[in-house]
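# Structural features, examined
What follows is each chain in one-letter form.
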Amino acid sequence: MSILEEIKKNLDGDYRVYERSVRESGGSKYALVKDYDEEKFLHVSGPAMEKFSGDEEGNGVKICPLTWDNAQELMDEFSWLRPSLPSAQPSFGFGDRLGLATPGHVRALDGQGMFPVFAQQSIREMERTGRSPEDVMNTAIWGVFEEGYQKGFAADADHLKTREAIEETARVGFNMFTCDPSEHVRANADDLSSGELESEFRQLTDGEELLRKYAGREFRARLPGSEYEFLDKFRDREVKRAAIKYYQAVKFAAKSYQWVSEAANGDFIFEVSVDETETPTTPLEHVFVAKELQERGVELFSLAPRFVGNIQKGIDYIGDLGVFEDQLKAHAAIANSFGGYRLSLHSGSDKFSIYPYFADYLDELVHVKTAGTSYLEAIRLVGEKNPELFRRIHEFALDRFDEDRATYHVETDLSNVPGPEELPDEELPGLLDEDDSRQVFHVTYGSVLTEKNNGRYVFKDEINETLKEYEERHYQLLESHLGHHLELLT
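The present account deals with the structure reproduced in this document. Each chain carries its own residue numbering, running from 1 in the direction its sequence is written. For a predicted model such as this one, the threshold for reporting local features is a pLDDT of at least 70, and the threshold for listing and counting side-chain atom pairs is 80 or more; totals across whole chains, interfaces and linings nevertheless cover every residue. Side-chain numbers here rest on the full set of heavy atoms in the structure, without hydrogens or water.

### Digging into the sheet that holds strand β7 (residues 115–122)
Condition: Only strands joined by at least two bridges in the DSSP assignment are considered to pair. Under the scheme used here, helices are H or I runs from DSSP no shorter than 4 residues and strands are E runs no shorter than 2 residues, and both carry numbers assigned from the N terminus. Geometry is summarised by axes, namely lines fitted to C-alpha atoms with helices restricted to the contacting stretch, and by angles between N-to-C directions that run from 0 to 180 degrees. In what follows, a contact means two residues having at least one pair of non-hydrogen atoms within 4.5 Å.
Spatially, β6-β7-β8-β9-β12-β13-β14-β15 is the arrangement adopted by the eight strands of the closed barrel, whose pairing is parallel. Each strand of the sheet is rotated relative to its neighbour by a mean of 25°, with strand direction disregarded. Alignment of strand β9 (residues 176–179) against strand β12 (residues 269–273), held across four bridges, turns out to be parallel. Looking at β12, one finds that Met176 is bridged to Ile269. Strands β8 (154–160) and β9 of the sheet are contacted by helix α6 (residues 163–171), whose axis makes an angle of about 165° with β8.

### Observations concerning the nonpolar core
We count it as follows: Put simply, buried Ala, Val, Leu, Ile, Met, Phe, Trp, Tyr and Cys residues joined by side-chain atoms within 4.5 Å make one nonpolar core. With a 1.4 Å probe rolled over the protein chains alone, any residue whose accessible area is under 20% of its type maximum counts as buried; one over 50% counts as exposed, and the rest are partly exposed.
Judged by nonpolar contacts, the single largest core of 116 residues is most densely connected at Phe145, Phe174 and Phe358. Looking at which element gives the most residues to this core, the answer is helix α9 (residues 236–263), with 15 residues. When sequence neighbours within four positions are dropped, the list of residues in contact with Phe358 reads Phe307, Phe324, Leu328, Leu345, Asp363, Val366 and Leu489. Leu376, Leu428, Leu432 and Val440 belong to the second largest nonpolar core, which has 30 residues in total.

### Quick notes on unusual backbone geometry
Most of the time, phi is negative for any residue but glycine, and the peptide bond is trans. At Glu38, a position not held by glycine, the phi torsion is positive, near 70°. Tracing the sequence through the fold places Glu38 in the loop between β2 (28–34) and β3 (40–45). Overall, Glu38 belongs to the partly exposed group, its relative accessible area being 27%. With phi around 50°, Ser347 is a residue other than glycine that occupies positive phi space. Among the secondary structure elements, Ser347 is positioned in the loop between β14 (342–345) and α12 (355–362).

### A short note on the packing of α12 against helix α18 (residues 471–489)
Rules: Our angle categories are set so that under 35 degrees counts as roughly parallel, over 145 as roughly antiparallel, 65 to 115 as roughly perpendicular, and the remainder as oblique. Note that Gly is not counted as nonpolar here; it falls among the polar residues with everything else outside the nonpolar set of Ala, Val, Leu, Ile, Met, Phe, Trp, Tyr, Cys and Pro and the charged set of Asp, Glu, Lys and Arg.
Contact pair α12 / α18: the axes reach a minimum separation of 7 Å and the direction vectors enclose 40°. By the angle class used here, α12 and α18 are oblique. On α18, the residues that touch Tyr355, Pro356, Phe358 and Ala359 of α12 are His485, Leu488 and Leu489. Considering only residue class, the contact of α12 with α18 consists of six nonpolar, one polar and no charged.

### Quick notes on the sheet that holds β2
The antiparallel open sheet is built from five strands, whose spatial order is β1-β2-β3-β5-β4. Taken across any chain shown, the strands that pair with only one partner, and hence form the sheet edges, are β1 (16–25) and β4 (55–56). Relative to β2, β1 runs antiparallel, the two being bridged by six bridges. Its bridge partner lying in β2, Val17 is registered against Val33. On top of the sheet, helix α1 (residues 3–11) reaches β1, β2, β3 and β5 (61–64); it is set at about 120° to β1, its chief contact. In the packing of helix α5 (residues 133–147) onto the sheet, the strands contacted are β1, β2 and β3, and the crossing angle to β1 comes to about 90°.

Structure, rendered in structure tokens:
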């Protein structure tokens, strides 16, 4: 009798078994199972039963809830459930705002040659969804176990701004830490007049030293496997602008790196994000940031510059593709010259027109982050299978949009978004194919998932129930949509 057959016999038809999860270790047998109420549990039989909390079924089987404590016991048994460091492949962050998407993300990876980040969420997203670092890690681990995925994954604590957030995420095992120094970036430095530029530069304690270090210096960088060469010279004005724009951010990133070094349990990787400005990071500004970080001992896994063009949430790139390609080549050459860290594309969801350039010029030195696009596929499923709920979410999202858009870079035109009563049921999922309506659903996720009435969630529980009932369709949508992302990046 096979392990699967034995488990099914023990369960006596009361549960559905996720066959890819079936495992045996040390005489104990494990599997993820689902009952008829669509709730998932861990099946354990054998000597390991005593380590897990749950209910004994009386036939040598324990049925255990998918708690964090049980996940840690399972990680002790199967090391591939613990986050690991990326291999020499392009890497891709799969954000999961609902905690139900990881199996679909695993399926999207099939044969794509990408290293995944399955547990990825910013502190801001956790606050908006009412989740915790422990919950984000826990749901990713159980999703990996469900699919039996053993090739490794990382866990990214994204957009970190405080020591407390670093310590909290390190405590539960995150091994990628993304520093967000946006509060220390002088975002409008490019708009300063000559007089303002001089005045602010004089206020920098290290200003004269920075001028001596960079002014008049020529910087050259080559792109491996290509005839392309970046060559430019720092002029006084460019040094001053780069320093005003990024110097304080660099110092904060170096401090954050030290905090991570003290808090992380084992090896870690570190990203710095300077993408949240209106004006692009020029190649020379990239040189300035990279060199200053390097001199402070910061070992970069990836750097997220503010790329040229209009990079909005949840929709494709807007801008001149030729200009983007030229700029990307320069950034890629610079990243290679400083030891080969990855260029990270934030707001990476659905940027289909620029993915091929990353594949062409960066090889494995690319990291892309997505989050909202998986949430939108969940809402698409709601539109397909529960149109009444979709219409209520749609109406609520339209009411919340003006307030929720404040912290996002979007240029949504609400006049292009039909009201929930204007479309027949079969056309509702198509709203997720239109830029303006996509962004309405994208930026209001936090309000949708946390709205309560008399202490009960107005939408969240129904969304989760719909996704659980139509689980395979949910996974199919994720596999197709995220798989398309990966195909263009490899």
